[in-house]
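Below, each chain spelled out in residue letters.
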Amino acid sequence: MAVNPIEMQKNLGGVSYPASKEEIVRQAEEHGANKKIMDALKSMSDKEYDSPAAVNKEVGKGS
């Protein structure tokens, strides 16, 4: 499930890090993220992420 990291980060604009998986998923939803991005974010580990890079790395593990 290869997700475009640039596209994903556009959907995460406004997230204050550190952020929980729940906050990240909610922000992406509010920014109209597509199904592929939402599925990738929902499959992340349920923990706090300290930066956009940490989110990209976690999503990259699932691809």
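This one's a predicted model, so the numbers in the text were calculated from it and none came from an experiment. (Residues numbered from 1 in each chain as written. Predicted model: local features only at pLDDT ≥ 70, side-chain atom pairs only at ≥ 80, totals over all residues. Heavy atoms only, no water.)

### Digging into helix H2 (residues 21–30)
Along H2, the residues that are buried comprise Lys 21, Ile 24, Val 25, Gln 27 and Ala 28. Looking straight down H2, one finds its buried side chains confined to an arc of 165°; they lie on one side. Looking at H2, the residues exposed on the side facing more than 90 degrees away from the buried face are Glu 22, Glu 29 and Glu 30. Buried residues in H2 make contact with helix H1 (5–11), strand S1 (19–20), helix H3 (35–42), strand S2 (48–49) and helix H4 (52–61). Immediately downstream of H2, the backbone of Gly 32 shows phi near 70°, a positive value. (Buried < 20%, exposed > 50% of the residue type's maximum accessible area, 1.4 Å probe, protein only. Helix = DSSP H or I, 4+ residues; strand = E, 2+ residues; numbered from the N terminus. Arc of directions from axis to C-beta. Contact = heavy atoms within 4.5 Å.)

### A few points about the pattern of salt bridges
In total, this model carries three salt bridges according to the counting rule given. Ionic pairing is found between Glu 22 and Arg 26, a salt bridge with its closest N-O pair at 3.7 Å. Placement of both Glu 22 and Arg 26 in helix H2 is noted, with a separation of four residues, approximately one turn of the helix. In this structure, Glu 58 engages Lys 61 in a salt bridge whose closest nitrogen and oxygen atoms are separated by 3.3 Å. Of this pair, Glu 58 and Lys 61 are both found in helix H4, three residues apart, which corresponds to roughly one turn of the helix. (Salt bridge = Lys/Arg side-chain N within 4 Å of Asp/Glu carboxyl O.)

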